[in-house]
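Examining the three-dimensional arrangement
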Amino acid sequence: KLTPDIYTKCSIPNELRQSSLKAIIKHIEESINTSIDTLNITPKCLQIHNADEDILKNTELLLAIKDLLGKHKIAKFGVTVYGLDLLTAYQAQPIDLIQFEYNMARTTIIKKLFLDTKINANNKLAARSILNKGLFVAKTINELDSYFDKVKPKLKTLYNLANEMNISVLELAIRYAISTN
């Protein structure tokens, strides 16, 4: 019988981040119980989604989470982050996995990760695909990797159209998707 490895995420809402440690742990435990009840399996890893520097540097919180995971027999603890600048913040912390965003429009994140960042060999890294989001959220076409040089003229048309309409390229794409139903 094949048993899947389930990795689940829990967000800590901004309004809760200023609460007591007890309130945050209660929120995380409720999320764990919901995952276990819904999936009918104990997850292998719990990840705190969109962990910021306040979370990554809060050793008391991270150790309390690790204790909670032990209580529920969850083997691993991880975080998801946006941006490589946070990778160094978790180096000394009891974190098994760090998941970062990756999109094919900005592949420099991978180069930076392996060339510029010193990673603790005991930690695992996972890339989370955000599809082509970078094509729609880049401030300028020049931010896109050279991989897209052939389509940059077409993208420039989209950027110009969005600018004329006084909306973002992302909103233009969403409006188009909705209009084609």
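Residues numbered from 1 in each chain as written. Predicted model: local features only at pLDDT ≥ 70, side-chain atom pairs only at ≥ 80, totals over all residues. Heavy atoms only, no water.

Moving on: the overall build of the chain. Looking only at helices and strands, the chain has 8 helices and 5 strands in total. Scanning the chain from its N terminus toward the C terminus, one meets helices and strands in the order β-α-α-β-α-α-β-β-α-β-α-α-α. Counting across all 181 residues of the chain, residues that qualify as buried make up 38%. Considering only intrachain contacts with a sequence separation of at least 6, the fraction spanning at least 24 residues in the chain is 66%. Counting only carbon and sulfur atoms, one obtains 53% of the accessible surface of the chain, whose full area is about 11400 Å². (Helix = DSSP H or I, 4+ residues; strand = E, 2+ residues; numbered from the N terminus. Buried < 20%, exposed > 50% of the residue type's maximum accessible area, 1.4 Å probe, protein only. Contact = heavy atoms within 4.5 Å. Areas by Shrake-Rupley, 256 points an atom, 1.4 Å probe, with all protein chains shown as cover.)

For the rest of this paragraph, the subject is the pattern of salt bridges. For the coordinates displayed, the defined rule picks out 8 salt bridges. Glu29 serves as the salt-bridge partner of Lys71, at 2.7 Å between the closest nitrogen and oxygen. Of this pair, Lys71 sits in helix H4 (residues 59-71) while Glu29 sits in helix H2 (residues 21-39), placing them 42 residues apart in sequence. Note on Lys71: relative accessible area 54%, which makes it exposed. (Salt bridge = Lys/Arg side-chain N within 4 Å of Asp/Glu carboxyl O.)

Our focus in this paragraph is the confidence of the model for the chain. Interpreting fine coordinate detail is not advised for predicted regions of low pLDDT. In this model, the chain carries a mean pLDDT of 78, and residues with pLDDT of at least 70 account for 71%. When pLDDT is averaged over each element of the chain, H2 comes out on top at 91 and helix H5 (residues 108-116) at the bottom at 59. (pLDDT = per-residue confidence, 0-100.)

All right, on to the nonpolar core then. Ile28, Ile48, Ile65, Phe77 and Val79 are the most contacted members of the largest nonpolar core, which totals 25 residues. When contributions to this core are tallied by element, the ones reaching two or more residues are H2, strand E2 (45-49), helix H3 (53-56), H4, strand E3 (76-81) and strand E4 (97-102). Per element, the largest residue contribution to this core is 6 residues, and it comes from H4. If you look at the next biggest cluster of nonpolar residues, it comprises 8 residues, including Leu144, Leu155, Tyr159 and Leu172. (Core = buried A, V, L, I, M, F, W, Y, C linked by side-chain atoms within 4.5 Å.)

Turning our attention to the packing of helix H7 (residues 152-165) against helix H8 (residues 169-180). H8 packs onto H7 with a crossing angle of 95° between their chain directions and a minimal axis gap of 9 Å. What the angle tells us is that H7 and H8 run roughly perpendicular. Across the interface between the two elements, Leu158, Tyr159, Leu161, Ala162 and Met165 from H7 touch Val169, Leu172 and Arg175 from H8. Counted by class, the contact of H7 with H8 contains 7 nonpolar, no polar and 1 charged residues. (Axes fitted to C-alpha atoms, helices over the stretch in contact; angles between N-to-C directions. Parallel < 35°, antiparallel > 145°, perpendicular 65-115°, else oblique. Nonpolar A, V, L, I, M, F, W, Y, C, P; charged D, E, K, R; others polar.)

For H8, spanning 12 residues, the distance from its first C-alpha to its last is 17 Å, which sits close to the expected 16 Å at 1.5 Å a residue. If you check the start of H8, you find a side-chain oxygen 3.0 Å away from the backbone N of Glu171, and it comes from Ser168. (Expected span 1.5 Å × (residues − 1). Polar contact = N/O pair within 3.5 Å; in protein donor to acceptor, adjacent residues only side chain to side chain.)

What follows deals with a nonpolar patch on the surface. Nonpolar side chains collect at one region of the surface, where Leu170, Ile174 and Ile178 lie side by side and expose about 280 Å² of accessible area between them. When you line up the elements, Leu170 lands in helix H8. (Patch = residues over 30% accessible without salt bridge, like charges linked within 9 Å, V, L, I, M, F, W, Y side chains within 5 Å.)

Time to look at the environment of Ile48. Structurally, Ile48 is set in strand E2. Each C-alpha atom, one on Ile48 and one on Ile65, is 9.6 Å from the other, the two residues being 17 residues apart in sequence. If we skip the residues at most four places from it in the chain, Ile48 touches Cys10, Ile12, Ile28, Ile55, Ile65, Phe77, Gly78, Val79 and Thr80.

We now examine the pairing of strand E1 (residues 7-11). Across the two faces of E1 the burial differs, with Thr8 and Cys10 buried and Tyr7, Lys9 and Ser11 not buried at all. Here 5 bridges tie E1 to E2, and the two strands are oriented parallel to one another. When the sheet's bridge partners are listed, Lys9 is paired in E2 with Gln47. (Pairing = 2+ DSSP bridges.)

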